[in-house]
Amino acid sequence: MSETEPAAAGGPNDERIKDQGGFRKWLIRPELGGIVGVIAVFIFFGVLAGDSGMFNAQGIMNWSQISAQFMIIAVGACMLMVAGEFDLSVGSMIGFAGISIAMFGVVWGLPMWVAILITFAICLVIGAINGIIVVRTGLPSFIVTLAFLFILRGFTIFVPQTVESRTIIGGIEEAAEGDWLAAIFNTDVAGWLFVWMADNGIIGTFSRGTREGEPLISGIPMLIVWAFILVIAGHIILTRTKFGNWIFAAGGDAQAARYVGVPVDRVKITMFMTTAFCSTVFACCQVFEFGSAAADRGILKEFEAIIAVVIGGALLTGGYGSVMGAALGALIFGVVQQGLFFADVESSLFRVFLGIILLFAVVLNTYIRRIITGER
Amino acid sequence: MNAFFKTLAVSAVALMGATAVNADGHIGGERYVLVSHAPDSDSWWNTIRNALTLAGEQMDVEVEYRNPPTGDIADMARLIEQAAASGPDGIITTLADPTVLNDSIRAAVDAGIDVIIMNSGTPEQARDVGALMYVGQPEYDAGFAAGQRAAGDGVTSFLCVNHVISNPVVAERCNGFADGLGVDLGDSMIDAGQDPQEIQNRVMAYLNANPDTDGILTLGPTSADPTILALEELGLAGDIYFGTFDLGENIVAGIRDGVIEWGIDQQPFLQAYLPVVVMTNYHRYGVLPGNNINSGPGFITADGLELVEALAGEYR
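Residues numbered from 1 in each chain as written. Chains lettered and ligands numbered in written order. Predicted model: local features only at pLDDT ≥ 70, side-chain atom pairs only at ≥ 80, totals over all residues. Heavy atoms only, no water.

1. Re the overall build of chain A
The cut-off we apply is this: Labels follow the DSSP assignment, with helices taken as runs of H or I lasting at least four residues and strands as runs of E lasting at least two, numbered in each case from the N terminus. Radius of gyration: over C-alpha atoms. The globule rule applied is 2.2 Å multiplied by the number of residues raised to the 0.38 power. Per-residue accessibility, obtained with a 1.4 Å probe over protein chains only, is compared with the maximum for each type, and a residue is labelled buried under 20%, exposed over 50%, and partly exposed between these values. Counted charges follow a simple rule, with Lys and Arg positive, Asp and Glu negative, and His plus the chain ends left uncounted. All charge positions are set by atom: Lys at NZ, Arg at CZ, Asp at CG, Glu at CD.
Counting its secondary structure elements, chain A contains 16 helices and four strands. Its C-alpha atoms give chain A a radius of gyration of 22 Å, near enough to 21 Å, the size a compact globule of 376 residues would have. With the principal axes as the frame, chain A shows a C-alpha extent of 70 × 50 × 40 Å. Considering chain A as a whole, with its 376 residues, one finds that 51% of them fall into the buried category. With 21 positive and 27 negative side-chain charges, chain A shows a separation of 11 Å between the mean positions of the two kinds.

2. Topic: helix H14 (residues 301-311) of chain A
Given 3.6 residues to a turn, an α-helix orients residues that are three or four positions apart in the same direction. All names here are of chain A. Burial analysis of H14 places nine of its 11 residues in the buried class, which makes it a mostly covered element. Along H14, the residues that are buried comprise Lys301, Glu302, Glu304, Ala305, Ile306, Ala308, Val309, Val310 and Ile311. One or two steps after H14, the chain reaches Gly313, where phi turns positive at roughly 100°.

3. Some thoughts on the pairing of strand S2 (residues 62-66) of chain B
Residues and elements named next belong to chain B. Selection criterion: Here, any two strands with at least 2 DSSP bridges between them count as paired. When the strands point away from the viewer, a crossover counts as right-handed if the route from the first strand across the helix to the second turns clockwise.
When strand S1 (residues 31-35) meets S2, the two strands line up parallel, connected through five bridges. Bridging from a neighbouring strand, Leu34 pairs with Tyr65 of S2. This β-α-β element, S1 to helix H2 (residues 46-59) to S2, shows right-handed connectivity.

4. Quick notes on the nonpolar core
All names here are of chain A. Where we set the bar: Throughout this description, the term nonpolar core refers to a set of buried Ala, Val, Leu, Ile, Met, Phe, Trp, Tyr and Cys residues connected via side-chain atoms within 4.5 Å. Should any heavy atoms of two residues lie within 4.5 Å, those residues are counted as being in contact.
Ranked by size, the top nonpolar core spans 135 residues in total, and within it Phe185 and Phe288 carry the most contacts. In terms of residues, this core owes the most to one element, helix H3 (residues 57-82), which gives 16 residues. Other than its neighbours up to four places away in sequence, Phe185 contacts Ile116, Phe120, Met222, Trp226, Val281, Cys284, Cys285 and Phe288.

5. Observations regarding the side chain of Thr280(B)
Checked against the element boundaries, Thr280(B) lands in helix H11 (residues 268-285). Leave out the neighbours within four places in its chain, and Thr280(B) touches Glu30(B), Tyr32(B), Met59(B) and Val61(B).

6. Quick word on the sheet that holds strand S4 (residues 114-118) of chain B
Residue and element names in this part refer to chain B. The six strands are arranged S2-S1-S3-S4-S5-S11 in an open sheet whose pairing can be described as parallel. Looking along the sheet, the strands with just one partner apiece sit at the ends: S2 and strand S11 (293-294). Both strand S5 (residues 133-136) and S11 contribute to a ladder of two bridges, which runs parallel. Each residue of the ladder has a partner; that of Gly136, found in S11, is Asn294.

7. Points about a nonpolar patch on the surface
This is how it is decided: A residue counts toward a patch only above 30% relative accessible area and without a salt bridge, and it is joined to like-charged neighbours within 9 Å or, for Val, Leu, Ile, Met, Phe, Trp and Tyr, to nonpolar neighbours within 5 Å. Only the protein chains shown count as cover for residues, with accessible areas throughout obtained via the Shrake-Rupley method and a probe of 1.4 Å. One side-chain nitrogen of Lys or Arg within 4 Å of one carboxyl oxygen of Asp or Glu is enough to make a salt bridge.
Together, Ile35(A), Ile39(A), Ile43(A) and Val47(A) make up a nonpolar patch on the protein surface, roughly 390 Å² of accessible area in all. Take Ile43(A): it is sitting in helix H2 (residues 32-49).

8. Digging into the sheet that holds strand S12 (residues 298-300) of chain B
Strand pairing in a sheet relies on backbone hydrogen bonds, with the paired strands running either antiparallel or parallel. All names here are of chain B. The cut-off we apply is this: Helix axes use the C-alpha atoms of the stretch in contact, all axes being lines fitted to C-alpha atoms, and the angles between their N-to-C directions lie in the range 0 to 180 degrees.
The strand order across the open sheet formed by six strands is S7-S6-S8-S9-S10-S12, and the pairing between neighbours is mixed. The open sheet has two edge strands with one neighbour each: strand S7 (189-191) and S12. Between one strand axis and the next, the sheet turns by 20° as a mean value, whatever way the strands run. Against the sheet, helix H9 (residues 221-234) contacts strand S6 (159-162), strand S8 (215-218) and strand S9 (241-245), and its axis sits at roughly 160° relative to S9.

9. Re the pairing of strand S10 (residues 262-265) of chain B
Residue and element names in this part refer to chain B. Residues Trp262 and Ile264 of S10 are buried on one face, and the alternating residues Gly263 and Asp265, pointing to the opposite face, are buried as well. Strand direction decides the pairing type here: S9 and S10, joined by three bridges, are parallel. For Gly243, the partnering residue across the bridge sits in S10 and is Trp262. With respect to chirality, the unit in which S9 leads through helix H10 (residues 249-257) into the neighbouring parallel S10 is right-handed. In the sheet, S10 pairs with S12 via three bridges, with the strands oriented antiparallel.

10. Remarks on the confidence of the model for chain A
Under the convention used in this document: On a scale of 0 to 100, pLDDT captures the predictor's confidence in every residue.
Chain-level statistics for chain A give a pLDDT mean of 85 and a share of 91% at 70 or above. Low pLDDT, under 50, characterises residues 1-8 of chain A; the predicted model gives this stretch five contacts beyond four residues in sequence or across chains.

11. What to know about unusual backbone geometry
Residue Pro297(B) is reached from Gly296(B) by a cis peptide bond, and omega for that bond is 5°. Here Pro297(B) shows up in the loop between S11 and S12. Notably, Leu300(A) is not glycine yet its phi reads approximately 75°, a positive angle. Relative to the helices and strands, Leu300(A) resides in the loop between strand S4 (293-294) and H14.

12. Here's the deal with the pattern of salt bridges
Residues and elements named next belong to chain B. Tallied over the entire structure, the rule returns 14 salt bridges over all chains. Glu64 is paired through a salt bridge with Arg31; the nearest N and O atoms lie 2.9 Å apart. Placement of Glu64 in strand S2 and of Arg31 in strand S1 is noted, with a sequence separation of 33 residues between them. Glu64 sits in the buried class, given a relative accessible area of 5%.

13. Description of the packing of aromatic side chains
What counts is decided by this rule: Stacked, tilted and edge-to-face are the three classes assigned to paired rings of Phe, Tyr and Trp, where Trp is represented by its six-membered ring and a pair needs centres within 6.5 Å; plane angles under 30 degrees give stacked, over 60 edge-to-face, the rest tilted. Cation placement over rings: the criterion is NZ of Lys or CZ of Arg within 6 Å of the ring centroid and within 35° of the ring normal.
Tallying each qualifying case throughout the model produces 19 aromatic pairs over all chains. Their ring planes at 80° and their centres at 5.3 Å tell us that Phe341(A) and Phe342(A) sit as a pair that is edge-to-face. One aromatic cluster is present, formed by Phe120(A), Phe185(A), Trp226(A) and Phe277(A) through successive ring pairs. In this structure, Arg149(B) is placed above the aromatic ring of Phe299(B), and the distance from its NZ or CZ to the ring centre is 4.5 Å. The lysine or arginine in question, Arg173(B), covers the ring of Phe245(B), its NZ or CZ lying 4.2 Å from the ring centre.

14. Let's talk about H10(B)
Residue and element names in this part refer to chain B. The line we're drawing: Throughout, the arc means the angular range of directions from the helix axis out to the C-beta atoms.
Within the sequence span of H10, burial applies to Ile251, Val252, Gly254 and Ile255. When H10 is viewed along its axis, its buried side chains cluster within an angular range of 160° and face the same direction. Within H10, the exposed residues directed more than 90 degrees away from the buried face are Glu249 and Asp257. In this structure, the buried residues of H10 make contact with H9, S9, S10, S12 and helix H12 (305-311).

What follows is the structure in structure tokens.
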């Protein structure tokens, strides 16, 4: 963080600033494991599944979308984890937000942008409640957010069941027709690029049906754009701002941070709200892409978020991690999950492989970090 | 209609030229992916997987089974996109939620991959997404066949015990049964709820209030098991004509003991097996059945019970 202004405080011989070699500085970056992992994973699947369709345009789009999903929730989970807490209600929040949009926008007939804004507001409040309970009671966030995992899932099933006697609500596509806010969660951008690529034979085209002749990919989905926006925003906040330093301090040693004037409680509550925000973005992208909300969406997504963050080099105990690392973790997770299909691994074994690779990545990360930082 | 057959013939010939015989003249090795909506914990689908493997071996084609681990239909849409990207010869999939899955399936069809819908969905929905056909049990037709069978056995009035009143597709079973029997459904369908105690009491209450009822239809193990208890309590077990949808341990025992006349099996085996056989022959020889295939209703009575018990959970 101080690399741009060396020894600004007390001249070149300030004892508080230790000189480090460039190589060592690079090695202690939390992203290192992620970068190595990404390269390894791509080589692995390039060899194993290179000609299977995994690296044709559709295949790339497929694992990119899966990775982007992981990235969106991993950004929130990562920043929260750096602040020393974590959130098990992410998956339930995704289902809850989706149903909320459908209830307000379809069942109760509000304009879609209003439904979206109300949903964001509700979810941010729930995130804040999560945070307030954690900082006020001092209970582990594991327990508090576990409670919300059940509370939110229960409501998600109860409300549409009671009001509509069903748990899948469709008709969102029609209700969101022409809505400006819904559009920023579900449009394909840069379509011209893919038309050009199809014209030049780089990607295939539909061979029959109403879309005959159109490129197989109509554009980059907003899901992926959102993933990039959140990753970049998260990275800048965490590494380039005062607030970012507060997050590290709150997660590293909360008491010490309080002594030097960091508003630890406020930081943690804000981070819980950030995970809620990310879950809601995820839900919006999903709901508007698929045109329906269901009460069982998002099950187990909280673990997928945490897994991506941990592969990306963040410490479960807080105070260490990076959003870039989490994004790379999400990329690895997505590519492995999808790649094993293309490599034709039997689907029940596929989870075994996934587990082994995750374990391997985490052990490697920890090992590298211990050697480099000399931490015990 | 003529144009349709012409298109079919042309595309069949084109396909024969394109994919039936590989460059070296060798037949075999087509690749089919089956995508289901079932979560990992759903053991009913084990039969599907076994049938798929068996069909793959018999036809000398590669088969793969994929499912969303948590049963999340949005994840399932991605699985279909993923399967399409891998460029298989065909995709076999359920249509568990048309709103979510239609676009993904449609894109696969338009990209030149043949699709067969199995298990969930209807022939109409399958046609809407451009699938070759639907293989499954149309609920109304299954109920109708059961009604005709019951009519032949002398049933004149009935009670339909519906434990999933919220699902209109399942209620079609009762509608079909009434029509097959040639009686008006009227209020002979009761909303039984999911609680076994409640179901048992409601069945008893209905039979007490309508003593001339001579037939009962239950829509699955959830309603069949408590109904068996209700009949035992009323002393009607074996006396009243009793048929049910789906199979379960108690249902099989009921059939053996003569309490239940028959169980209607939608035959998951055929739902996985037939699409592989149909597609393989379509890709190799350009032949395609002219219609959808009903995998059910298959009636299971005391006669064929030994085989059912022996293969339960494996192929039945």
